[in-house]
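Below, each chain spelled out in residue letters.
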Amino acid sequence: PKKQGGSTGKNYLAEQDYAGLAKVILDNIGGAQNLSKFDHCVSRLRLEVKNPDLVNEKPIKSAGIAGLMRPEKTKIQLIIGSKVSAVSDALKSLVD
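These numbers were taken from a predicted model, which means no experiment stands behind them.

1. Considerations on the nonpolar core
Ile25, Ile29, Leu45, Leu47 and Leu78 are the most contacted members of the largest nonpolar core, which totals 25 residues. Counting only elements with at least two residues in this core, the list comes to helix H1 (18–27), strand E2 (44–49), strand E4 (75–79) and helix H3 (84–95). When residues in this core are grouped by element, the largest group, six residues, is from H1. What leucine 78 contacts, discounting residues up to four positions off in sequence, is Ile25, Ser43, Arg44, Leu45, Leu47, Ile60, Ile65, Gly67 and Leu68.

Here it is, written out as structure tokens:
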């Protein structure tokens, strides 16, 4: 696995490590204090951040997700697939 931007190159989704993936996401969006809100649809985790400059996309992209989109400056969509609800639940437990 290649390393990018401090990432371990670990495929958290393939290993079903949803808590690990949630931590990578949270660590690379500026932490819980930078997360305004989040929810998910069938395959995407939708995040809204306060300061988009704190987002480091490379480690998130290399953690096993299918893709990352930024439809608006403060909005991020992580394409995760069928396990999105497990990742969302893990993220919720980290920010609560």
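2. Structural notes on the pattern of salt bridges
Across all of its chains, the model carries nine salt bridges by this definition. Note that aspartate 27 is salt-bridged to lysine 23, the shortest N-O span being 2.8 Å. A residue pair is termed a helical-turn pair when its members lie 3 or 4 positions apart in one helix, as aspartate 27 and lysine 23 do in helix H1 at four residues. You can call aspartate 27 partly exposed: its relative accessible area is 48%. For glutamate 57, the salt bridge identified is with arginine 70, shortest N-O distance 2.9 Å. Placement of glutamate 57 in helix H2 (residues 57–61) and of arginine 70 in strand E3 (residues 67–72) is noted, with a sequence separation of 13 residues between them. Here the salt bridges share partners, and the residues they tie into one network are Lys10, Glu15 and Asp17.

3. A few points about unusual backbone geometry
Leaving glycine out, the prevailing phi sign among residues is negative, and the prevailing peptide bond configuration is trans. We note that glutamine 16 has phi near 55°; this positive angle belongs to a residue other than glycine. A relative accessible area of 54% places glutamine 16 in the exposed class.

4. As for the packing of H1 against H3
Running from N to C, H1 and H3 point in directions that differ by 60°, and their axes come no closer than 8 Å. By the angle between their axes, H1 is oblique relative to H3. At the point where H1 passes H3, the crossing takes the right-handed sense. Where H1 abuts H3, its residues Tyr18, Ala19, Leu21, Ala22, Lys23, Ile25 and Leu26 lie against Ala86, Val87, Ala90, Leu91, Leu94 and Val95. Broken down by class, the residue content of the contact of H1 with H3 amounts to twelve nonpolar, no polar and one charged.

Calculation rules
Residues numbered from 1 in each chain as written. Predicted model: local features only at pLDDT ≥ 70, side-chain atom pairs only at ≥ 80, totals over all residues. Heavy atoms only, no water. Core = buried A, V, L, I, M, F, W, Y, C linked by side-chain atoms within 4.5 Å. Buried < 20%, exposed > 50% of the residue type's maximum accessible area, 1.4 Å probe, protein only. Helix = DSSP H or I, 4+ residues; strand = E, 2+ residues; numbered from the N terminus. Contact = heavy atoms within 4.5 Å. Salt bridge = Lys/Arg side-chain N within 4 Å of Asp/Glu carboxyl O. Axes fitted to C-alpha atoms, helices over the stretch in contact; angles between N-to-C directions. Parallel < 35°, antiparallel > 145°, perpendicular 65-115°, else oblique. Left-handed = near helix turned anticlockwise from the far one by under 90°. Nonpolar A, V, L, I, M, F, W, Y, C, P; charged D, E, K, R; others polar.

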